[in-house]
Each structure stands twice: as C-alpha cells, then as structure tokens.
Amino acid sequence: MRVEAKVPLKLTLFGEHAVVYDRPAIAMTISESLKVRVSESDRFLIISPSLNIRGVKLDLNEMKIESDEAKKVLRYVFEVLNYFEMKKPVKIEIDSTVEPSVGLGTSAAVIVGTVAAYSKYLGIDLNRDEIAKISHDIELKVQGIASRMDTYTETYGGLIYFLPGGEGFERIDTNFELTAGYIRRSMSTADVLWRVRKLKELNKEVFDNILDVIGEITNRAKSLIIEQNYEELGLLMYVNHGLLFSLGITSPEADEIVSRAKQLRIKGCKISGGGAGGSIICIKSVEAEVLLKSYNARIVNSTLIKDGVDISII
Ligand SMILES: Nc1ncnc2c1ncn2[C@@H]1O[C@H](COP(=O)(O)OP(=O)(O)OP(=O)(O)O)[C@@H](O)[C@H]1O
Ligand SMILES: C[C@@](O)(CCO)CC(=O)[O-]
Ligand SMILES: [Mg+2]
C-alpha cells in the first residue's frame, strides 16, 4: 500500500511571532504544496530531493554516510515516527514545490504530511483536529517554541483568523490576492523564535506593548480583508513589517525590498512567516512582481486554496 498526503503551504498575512504569545494572527493556504508518500519497506528510509545537507562523514569500509546536519533537519520526520512508536518500517518520500525553510510553513507541512500519511498507512483513522493537534505538539517538541498557526492552517486549509488567547480559530470566507516570493534566509524559524524570546526577556514591557499593537493591527486587518479595503490593509502591512523590524525579525534585504515597495507606491508589503529573509508578500500588482524579481526572489503561486491536507491511497 502507498499513502500520499498533499499539504498546501501557507502565507502568514498578519501576526507572525505575535501569535506565539497568544496574540491573533491571519494565515492562508496557497497553491504551493509539499507531498509525503509512505510505502512498504523492510527498513526506514527517508528520501527528500530538495534537502541540502552541509557536511558529511563517510565510513568507506561500511560505505555509510553520517551527518549530524541530516539528523537535525530530519528531526520533524523522526518525531512523527517516534509518536507512532515506529510501528512499521516504511519508505518516506518528501517532494516540495519550494525549497525548505523559506517562510512558507514547510516545517509544519512535513509534520502534517507525515502524520497524515503514516497514521493512514498504520490503519489509524485521525480526524483533522487530531492531525492538527498531534502536528502542533510535534513542531513544539522539535523547535521548543511554536504556535498552532502553521499546523492548523495547513491541516484545515483556507484563510484563517486565529483568535487571541491561543485557542480558537475561524475561517474567513473571502478571496484575497497577493504577490509573494521568497529570498534567501540567514537562519531557520526556530532560530529566529529563540532570538525573539531572548529579546522578550530583555525588556518584557516594551516587547508586550509591541505585540499588543501587532494584535490590534491583525484584528483591524481581519475586517479590512472582509471589506476588501486593500488601501488601508496595505498600510497595515507596512506597519506590521516595521514592528517586526523593531523585534529584529526582518533582514536588511527584506527591509530594502519593503522600503522600495513603499517608494514605488505598491499598496502594501511585509515579510511573511519566521523572518530573517524568507517570504515577502505584497498586495497583488505587476509592480510588486517586478520588484521581487529584481531582488532575485522566487515568485510563488499565492492563489488561495480552501482545502487542507489531502490524503489518498495511491
Ligand atoms: N522538503 C523537506 N524535506 C525534509 N524536511 C524539510 C523539507 N522542507 C522543510 N523541512 C524541514 O523544515 C525545516 C525548515 O523549517 P522552518 O520553520 O525554518 O521553515 P518554514 O517552515 O518554511 O518557515 P516558517 O516556519 O517561517 O513558515 C527544514 O530545516 C527541515 O528540517
Ligand atoms: C514565526 C511563527 O509565528 C510563524 C512561522 O511560520 C512561528 C509560529 O507561529 O509557530
Ligand atoms: Mg516552520
């Protein structure tokens, strides 16, 4: 039997990082996706063509490759297999339409896809809430810090508003067109999350005030998305980006792109996701695409997808 889980990737519209501290956030699934295929094998095999591993140690006698880096980047998959007590050995193939670690929720997608496909292969029927909860718990275990946003958005799909307090979420039933792309990153989202945590410990009051303003922006943005008022919404994107800059989450290149966007009167632009480079979203326009391309950004298909993870027996 071969089971395939197709997971839509996601863009964070507002509230990244703030959502980790129980502020609201808005995210949406897009046409880019990551697939996890699970099939019979006499030993555990993980195949992921888009992963680049730096540094290996080769035991020539045994012709075995050892890599600490490989162990680190595959921890998300390992923790899923551990959760299911590695009941049956399988071959796991991971194919993504984008590179790893670009601010599009690839870490969450690897987890959601492996949970969905491996549980189905084992004959365990999980509903979407169970897939989302198990996946969030695993992302939190691997990273040490994580909100429910990415794993729940990719499990359920659509344009989703996460309520303050870190519990509920609700679907926003409207369309929303963006121009999006990603540039190179200097670190993983987990690294950025821990750097931001240190900042919070330095000055909790200032940190919390900034997060409160991001929360207010996110709540206002929810209404503007529903009203399709992209003029005011775009202004809030610039403000949200500026607040992420104040928390050290952006990157010089991303800041330059967003500043140029404002200069070019592009309605709105901000980083999206973990930061340190990665994904950038703008209110849809030809100028935005030309700008992102001029910085060698990889343009992504940001068409809103209303369905979450899809599991099939192939
Ligand atoms: N195709 C893949 N195969 C195996 N592991 C992957 C793959 N893509 C991503 N990963 C795992 O996810 C990690 C990247 O997670 P990270 O959170 O930094 O990026 P992201 O999820 O794309 O961005 P964000 O969390 O900001 O949305 C990689 O280092 C690797 O461990
Ligand atoms: C940066 C962050 O808010 C979004 C990463 O896509 C982390 C999280 O919510 O777990
Ligand atoms: Mg991630």
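Residues numbered from 1 in each chain as written. Chains lettered and ligands numbered in written order. Predicted model: local features only at pLDDT ≥ 70, side-chain atom pairs only at ≥ 80, totals over all residues. Heavy atoms only, no water.

We apply this condition: UniProt positions are given in the numbering used here, feature names are shortened, and annotations may be inferred rather than shown by experiment.
An unreviewed UniProt entry lists the protein chain under the name Mevalonate kinase, with Saccharolobus islandicus as the source organism. Checking UniProt for the protein chain, the heading Cofactor (unreviewed entry) contains the comment "Mg(2+)". Database annotation for the protein chain, UniProt heading Sequence similarities (unreviewed entry): "Belongs to the GHMP kinase family. Mevalonate kinase subfamily."

### Notes on the packing of helix α3 (residues 106-121) against helix α5 (residues 149-156)
How two helices pack is summed up by the angle between their axes together with the distance between the axes. Our working rule: Angular values range over 0 to 180 degrees, each being the angle between N-to-C directions of two axes fitted as lines to C-alpha atoms, with helices fitted over their stretch in contact. For helices the rule is a DSSP run of H or I covering at least 4 residues; for strands it is a run of E covering at least 2, with both sets numbered from the N terminus onward. Oblique is the label for every angle not falling under 35 degrees (roughly parallel), over 145 degrees (roughly antiparallel), or within 65 to 115 degrees (roughly perpendicular). With the far helix as reference, a near helix turned anticlockwise by less than a right angle produces a left-handed crossing, and one turned clockwise produces a right-handed crossing. A contact between two residues is defined here by any heavy atoms of the two lying within 4.5 Å. Under the scheme applied, nonpolar residues are Ala, Val, Leu, Ile, Met, Phe, Trp, Tyr, Cys and Pro; charged residues are Asp, Glu, Lys and Arg; polar residues are all the others, including Gly.
One can describe the packing of α3 onto α5 by two numbers: an axis separation of 9 Å at closest approach and a directional angle of 55°. The angle between the axes of α3 and α5 places the two elements in the oblique class. Note that α3 runs across α5; the crossing there is right-handed. Facing Ala108, Ala109 and Val112 of α3, the residues of α5 in contact are Asp150, Thr151, Glu154 and Thr155. For the contact of α3 with α5, a count of residues per class yields three nonpolar, two polar and two charged.

### Digging into the nonpolar core
Filter applied, for reference: Take the buried residues of types Ala, Val, Leu, Ile, Met, Phe, Trp, Tyr and Cys, join any two whose side-chain atoms come within 4.5 Å, and each joined set is a nonpolar core. Relative accessibility thresholds used throughout: buried, under 20% of the residue-type maximum; exposed, over 50%; partly exposed, between the two (1.4 Å probe, protein chains only). The split into domains, and so the bounds of each, comes from an automatic or database assignment of domains.
In this structure, Leu13, Phe14, Ile26, Met28, Leu104, Leu159 and Ile280 are the most contacted members of the largest nonpolar core, which totals 90 residues. The element contributing the most residues to this core is α3, with nine residues. Split by domain, this core shows at least three residues from each of two domains, domain 1 (2-173) and domain 2 (179-300). Setting aside its immediate chain neighbours within four residues, Ile26 contacts Leu11, Thr12, Leu13, Phe14, Leu159, Ile160, Tyr161, Ile172, Thr218, Ala221, Lys222 and Ile225. The next biggest cluster of nonpolar side chains, apart from the first, holds nine residues, and it includes Ala25, Ala27, Tyr156 and Ile160.

### Concerning the UniProt feature "active site" (unreviewed entry) in the protein chain
Using the residue numbers shown here, the UniProt feature "active site" (unreviewed entry) corresponds to Asp150. With respect to the element layout, Asp150 can be found in helix α5. Filtering out sequence-adjacent residues up to four positions away, Asp150 remains in contact with Lys10, Gly105, Ala108 and Glu139.

### Some words on α3
Formally: Working rule for helices: expected span equals 1.5 Å times residues minus one.
Taking 1.5 Å as the rise per residue, α3 with 16 residues should run 22 Å; its terminal C-alpha atoms sit 22 Å apart, in good agreement. Counting buried residues along α3, 15 of its 16 residues qualify, which places the element largely inside the surrounding structure. Within two residues after α3, Gly123 carries a phi angle of roughly 80°, on the positive side.

### Description of the packing of aromatic side chains
Definition in use: Any two rings among Phe, Tyr and Trp, with Trp reduced to its six-membered ring, count as a pair given centres within 6.5 Å; such a pair is stacked if its planes are under 30 degrees apart, edge-to-face if over 60, and tilted if neither. Lysine NZ or arginine CZ positioned within 6 Å of the ring centre and within 35 degrees of the ring normal marks a charge as sitting over the ring.
Tallied over the entire structure, the rule returns eight aromatic pairs. An angle of 65° between the planes, with centres 5.8 Å apart, marks the rings of Tyr152 and Phe169 as edge-to-face. Note that Tyr152 is positioned in helix α5 and Phe169 in strand β8 (residues 169-171), a separation of 17 residues in sequence. Look at Tyr152 and you get buried, because its relative accessible area is 8%. Through a chain of ring-to-ring contacts, three or more aromatic side chains come together here, namely Tyr152, Tyr156, Phe162 and Phe169. Residue placement shows Arg148 over the ring face of Tyr152; its charged tip is 5.1 Å from the ring centre.

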